[in-house]
Amino acid sequence: MNILIIKKFLANQFLKNVTTLALGTVIAQGILVLATPILTRLYSTADFGLLAFFTSVSTIAAILTTGRYEYAIGLPKRDADAKNVFLLTLFLGLIISFIYFLILFFLRFFSSSTFYSELIQSPIVFLIPLCTFASASFSGLQYWAQRQKKYRQISISNTSQVIVATLFNVVFGLIGFTTFGLILSLVMGQVMSVLLLSYFFFKDSDLKKVSYRGMCKSAKRYVNFPRFMIISDLSSTASQQMVPLVFTTLFNTSVVGLFSLANRMLRIPSIVLTSSIGNVFRNDAIDAIHLRGNCKELYISTLKKLLVISIPIYGLLALISPWLFAFFFGKEWADSGYFAQIICVMMVFDFLALPLNSLFYVMQKQKIYMRIQFISTATGFSSLYLGYLIFNTPYASVLFYSLNNVIFSLINLFYTFKLSRQNL
């Protein structure tokens, strides 16, 4: 019986691809989980708060670097056209990141006593352009590898990124370089993952048919991606990253650190599974649409899998988070567990919606997605301030923010299900 189950699993290409993609992420996140109890004893809540603030700024800035053309890498029928799209993303990433460098350089001449001005005066701020270019490069390389179904390469790069970052985190913590150690380690991990995927790309790819003219044609052909997806993804990313940015203003970096640890730990199941499922779902949805005209059966099947996985995971975490955080990370991190309990409900619905949101790109309905994300970000920002104004506590702000995310995850599920039934 067990042998039959194993054979059936091995014959299911969808599950095999998801497993390959998830394996590297599982290893990477396992290392992160094992290392975090050490890191929380080497670094303060304020150090984690500064990392969360830096990550939020860099992640939002990275949205602009590629024009979101990387989403189009999987669409052309010919690899030569896809390579032009890929190199277009790298070119844009380099130009925009250099512009960020110039902006930060000139901002240093304007000084004040605010937290933001003090951060800009620090040399570490120049890691933001490097971080954004690394993110742009990694994104393009990852989508190319997905197009080629080189899931093993993606798995290796994801693992290497966390291993390198974690090693430097521990080293910097032990030698006392704690204020910016977490940030520098993050960037080092990103650079390593880009170098690995670049090696795989140039080893297997022929760039003879790539040209500046081809890049320009690709830019025009897929112009809807920057037209709609920049605003959409800026809204989506800002919605996810706004808590550290807003909390830095309303409260302090220690509160940001407590929230960021809870958010970081609770997103591990999502990072491990939803990105892998979403990447495979997107490729299989494109194939299903080409063959049958729609992907309704694939959509329903994937949604059922996501439900079966998410509810037990986040249901258990909601019950034991306060005890779990205090036990593993130290008593000073116990409040992170209370943030985690609030976030769990939001994470269930995020877990369901995020992998299926790729249908907005596949069906080229970016405009609808842009509107949803823009409204979600505006109401999410308002919900954070509402919790602060009414109750003057970060827990209320996170609760209101989580409820807002639940509502918009349900809206996304409604629209993507409609898209899955459309015949092309």
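This one's a predicted model, so the numbers in the text were calculated from it and none came from an experiment.

Our focus in this paragraph is the overall build of the chain. On a plain count of helices and strands, the chain comes out with 17 helices and 0 strands. For the chain, the C-alpha radius of gyration of 21 Å lies close to 22 Å, the compact-globule estimate for 424 residues. Overall, the C-alpha framework of the chain stretches about 55 × 55 × 40 Å when taken along its three principal axes. Burial statistics for the chain: of 424 residues in total, 55% are counted as buried. Within the chain, contacts between residues at least 6 apart in sequence are counted, and of these 83% link residues at least 24 apart. Just so you have it, the chain exposes about 19500 Å², and 69% of that area is on carbon and sulfur atoms.

Attention now moves to the nonpolar core. Among soluble globular proteins, nonpolar side chains are generally buried collectively. With 103 residues, the main nonpolar core has I183, F247, L266, Y314, F339, I343 and L359 as its most contacted residues. With near-sequence residues (within four places) excluded, F247 lies in contact with N252, V255, V256, F339, L384, P394, S397 and V398.

Orientation of helix α6 (residues 127-147) relative to helix α8 (residues 181-204), taken along the N-to-C sense of each, is 35 degrees, at an axis distance of 9 Å. The interaxial crossing formed by α6 with α8 has left-handed handedness. Judged by residue contacts, L127, L130, C131, A134, S135, S137, F138, L141, Q142 and W144 of α6 engage I183, L184, V187, Q190, S193, V194, L197, S198 and F201 from α8. Taken together, the residues of the contact of α6 with α8 break down into 13 nonpolar, 6 polar and no charged.

The next subject is the packing of aromatic side chains. Per the counting criterion, the structure on display carries 28 aromatic pairs. When the ring of F105 is compared with that of F106, the centres are 5.5 Å apart and the planes differ by 80 degrees; the resulting orientation is edge-to-face. You can call F105 partly exposed: its relative accessible area is 35%. Aromatic rings pair up to connect F247, F251, F259, F339, Y388 and Y395 into one cluster.

Another aspect to go through is unusual backbone geometry. Even without being glycine, R68 reaches a positive phi, approximately 65 degrees. Secondary-structure assignment places R68 in the loop between α3 (45-65) and α4 (79-107). A positive phi angle, near 60 degrees, is found at K149, a position not held by glycine. Along the polypeptide, K149 turns up in the loop between α6 and α7 (151-175). Take K149: its relative accessible area is 42%, and that puts it in the partly exposed class.

Let us look at the environment of S157. Structurally, S157 can be placed in helix α7. For S157, a relative accessible area of 0% corresponds to the buried category. Measuring from C-alpha to C-alpha, the distance between S157 and F133 comes to 16 Å, with 24 residues separating the pair along the chain. If we skip the residues at most four places from it in the chain, S157 touches F138, S193, L196 and L197.

To continue, consider the environment of M265. Of note, M265 is situated in helix α11 (residues 253-266). Note on M265: relative accessible area 12%, which makes it buried. For the pair formed by M265 and Q29, sequence separation is 236 residues and the distance between their alpha carbons is 9.2 Å. For M265, the residues in contact, after removing those within four places along its chain, are T36, F325 and F329.

Let us now look at the pattern of salt bridges. Inspection of the entire model under this criterion finds 4 salt bridges. Between E70 and R68 there is a salt bridge, with its nearest N and O atoms 3.0 Å apart. Judged on exposure class, the residue E70 and its partner R68 are both buried. D350 is the partner of R267 in a salt bridge, and the nearest nitrogen-oxygen pair spans 3.8 Å. Here R267, found in the loop between α11 and α12 (268-292), pairs with D350, found in helix α14 (residues 334-356); they are 83 residues apart in sequence, far enough to count as distant. The pair R267 / D350 is uniform in exposure class, with both members buried.

Moving on to the side chain of T89. Within the element layout of this structure, T89 appears in helix α4. Among the polar contacts made by the side chain of T89, one reaches the main-chain carbonyl oxygen of F86 at a distance of 2.4 Å. Contact partners of T89, with chain neighbours within four places excluded, come to T65, T66, Y69, E70 and G140.

Criteria and cut-off values
- Residues numbered from 1 in each chain as written.
- Predicted model: local features only at pLDDT ≥ 70, side-chain atom pairs only at ≥ 80, totals over all residues.
- Heavy atoms only, no water.
- Helix = DSSP H or I, 4+ residues; strand = E, 2+ residues; numbered from the N terminus.
- Rg over C-alpha atoms; globule rule 2.2 N^0.38 Å.
- Buried < 20%, exposed > 50% of the residue type's maximum accessible area, 1.4 Å probe, protein only.
- Contact = heavy atoms within 4.5 Å.
- Areas by Shrake-Rupley, 256 points an atom, 1.4 Å probe, with all protein chains shown as cover.
- Core = buried A, V, L, I, M, F, W, Y, C linked by side-chain atoms within 4.5 Å.
- Axes fitted to C-alpha atoms, helices over the stretch in contact; angles between N-to-C directions.
- Left-handed = near helix turned anticlockwise from the far one by under 90°.
- Nonpolar A, V, L, I, M, F, W, Y, C, P; charged D, E, K, R; others polar.
- Phe/Tyr/Trp six-rings, centres within 6.5 Å; stacked < 30°, edge-to-face > 60°.
- Salt bridge = Lys/Arg side-chain N within 4 Å of Asp/Glu carboxyl O.
- Polar contact = N/O pair within 3.5 Å; in protein donor to acceptor, adjacent residues only side chain to side chain.

These figures come from the coordinates and say nothing about function on their own.
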